[in-house]
Amino acid sequence: MAHTPNPSIVAAALGKGGVSAWNPALGEPLLASPARTGSRDRNLGERVIILSIVCDAIVIVASMLLSFWVRFETFLSGYGIVAHIQLRDYAGYVAIGAASMLFTLAYRQFYSKSVILRYRKVARQILESSLIWVLGFLSISLILKFQPPVSRLYVAIAGVNLLGGLLATRWIFDRILHRTDLVACLRQRVLIVGWNEEAERLANAFGTDQADAYELVGCVTPARRDFLREPPDHRLILGNEENIADILESRAIDIVMLADMNSAQGEIVGLANLCEKMMVQFKVIPSYFQILVSGLHLETVSGIPILGVSRLPLDQTANLVLKRTVDIAGAVVGLLLTVPLIAIFGALVYAESPGPTLYRQRRLGRNGSIFFIFKIRSMKLDAEVNGQAGWTKKDDPRRLRIGEFMRKWNIDEMPQFWNVLTGEMSLVGPRPERPELIRNFKDEIPHYNARHNVKPGITGWAQVKGFRGDTDLGERIKCDLFYLENWNLMLDFQIMAMTFFHRDNAC
């Protein structure tokens, strides 16, 4: 039976092309325009990528030259160097630096269709590549002892100029792509074989994707079977698997995604072979992997391909060490800055409600270990009647007047810098829950215990998205899993910054 999509997805998808955009009045998808069907220039995407490489090369060389001028032709020229340096002395360094920066970007898969329409991913790649380039260029110059010596200040200035120049030009490039017909040629056109709950979630994801990188063209029924779930609109259905070859050609399909895994092995292999012949990507929606899907990874064991759950980013020792280093530095700075505030607000709490101003509470930490979290008391002394634990609620009558202000601005959490310093918590991570409140969640909520694979945090992705206190636990877990699967240091810094501006449900 046809059904109406989630209203939030309706709102998010308005104005986007292809069947991934939903008509809010009818509760049905907006079909791809006829101009987008049929043949198209598949090489246009490659030409756009080549153009982006040329533009990046120009920007990189210009940034290196600008850095030379700033370092040696301005007031910085007298810093640390006695001899007068001319451009010809640094011409080789400019060439090597530009080539190595381009190589770094290319090595990190920067120039691919899956990245070019996603500016946030582009920006993260540029930042990480710039840092790698600065460290690498300095290290190589020190090891090889170039003559004349490479100025470390020059390299630092070049790193900043490269970062700023590439971010600016790529933003302009992204705006141009999304405001012209080029985006339609770069967008990956998707055909789904079968239809089920996972396929519908994927279609909704296409509709809300701000990068607009995918266009759902439609779906076909599996060979000799019906859909496991009816598509939300009959116009999505383009035929059946028997005539899929004609559909791939006439609709200029880039990706075939198999949603129905009930097909016989021979049928799946045949479909994969057909896609290979027609130069179409073949992918599988892993519907019976109700797990951390982004952790799925194909590896080989003695030459045999095995699909399983790969290690998540924070399972890697190097990432743990990097995160712990930031935690220690952040905790030390945080304690130094907040001790006076803790004393001031502790006195205000005592003035309103005499008694202990700091309290500790049992929380669940990494791998299910119990620890005591420290907070400034924001509620009355008898907040929990008969010692029974309960969720905080909006406009909770147990709050102190000063407690409302502290909770709104996360001031009551400041003593937790001590928990971070002692290694029980991290600056960023899933918020720690009370074991009394979540005893049965591991059996009732899918993937709940996965959030305990990392240290809990003072702030987290779920918190800045407004899921805290007595809010939707399912959505909170989704946010925690997103953080686990997509962790990187820049995401931590982003969450820290968002904590100051996103305070939904903080009271």
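Source: prediction; values computed, not measured.

Chemist: Explain the packing of helix α2 (residues 44-72) against helix α6 (residues 152-178) here, please?
Modeler: Geometry of a packed helix pair, given as the angle between the helix axes and the separation of the axes. Two elements in contact, α2 and α6, have axes whose closest approach is 8 Å; the angle formed by their N-to-C orientations is 145°. Handedness of the α2/α6 crossing: right-handed. Looking at the contact of α2 with α6 residue by residue, the class counts come to 17 nonpolar, six polar and three charged.

Chemist: What is the right way to read the environment of Tyr483 from this model?
Modeler: Tracing the backbone shows Tyr483 in helix α16 (residues 473-486). A relative accessible area of 2% places Tyr483 in the buried class. For the pair Tyr483 and Gly429, spaced 54 residues apart in sequence, the C-alpha separation works out to 7.7 Å. Once you skip the residues sitting within four places of it in the chain, Tyr483 turns out to touch Lys323, Val428, Gly429, Pro430, Trp461, Leu491, Asp492 and Ile495.

Chemist: Hey, could you run me through the pattern of salt bridges in this one?
Modeler: In a structure, side chains of opposite charge can pair up when their charged atoms sit close to one another. For the structure shown, the criterion picks out 14 salt bridges. One salt bridge in this structure joins Glu215 and Arg189, with 3.5 Å as the shortest N-O distance. In this pair, Glu215 is assigned in strand β4 (residues 214-221) and Arg189 in strand β3 (residues 188-193), connecting sequence segments 26 residues apart. Just as Glu215 is buried, Arg189 falls in that class too. Two residues, Asp412 and Arg407, come together in a salt bridge whose shortest N-O distance is 3.9 Å. Taken as a pair, Asp412 and Arg407 share a single burial class, namely buried.

Chemist: Teacher, can you tell me more about the nonpolar core here?
Modeler: For soluble globular proteins, nonpolar side chains are generally found buried alongside one another. Formed by 37 residues in total, the largest nonpolar core has its most connected members in Ile60, Met64, Ile116, Trp133, Tyr154 and Val155. When contributions to this core are tallied by element, the ones reaching two or more residues are α2, α3 (87-107), α4 (113-116), α5 (119-144), α6 and α7 (182-186). Once residues within four sequence positions are removed from consideration, Ile116 is found in contact with Val48, Ile49, Ser52, Val122, Arg170, Phe173, Asp174, Leu177 and Leu186. Of all hydrophobic cores here, the second largest spans 33 residues; its members include Leu335, Ile458, Leu473 and Cys479.

Definitions and limits used
- Residues numbered from 1 in each chain as written.
- Predicted model: local features only at pLDDT ≥ 70, side-chain atom pairs only at ≥ 80, totals over all residues.
- Heavy atoms only, no water.
- Axes fitted to C-alpha atoms, helices over the stretch in contact; angles between N-to-C directions.
- Helix = DSSP H or I, 4+ residues; strand = E, 2+ residues; numbered from the N terminus.
- Left-handed = near helix turned anticlockwise from the far one by under 90°.
- Nonpolar A, V, L, I, M, F, W, Y, C, P; charged D, E, K, R; others polar.
- Buried < 20%, exposed > 50% of the residue type's maximum accessible area, 1.4 Å probe, protein only.
- Contact = heavy atoms within 4.5 Å.
- Salt bridge = Lys/Arg side-chain N within 4 Å of Asp/Glu carboxyl O.
- Core = buried A, V, L, I, M, F, W, Y, C linked by side-chain atoms within 4.5 Å.

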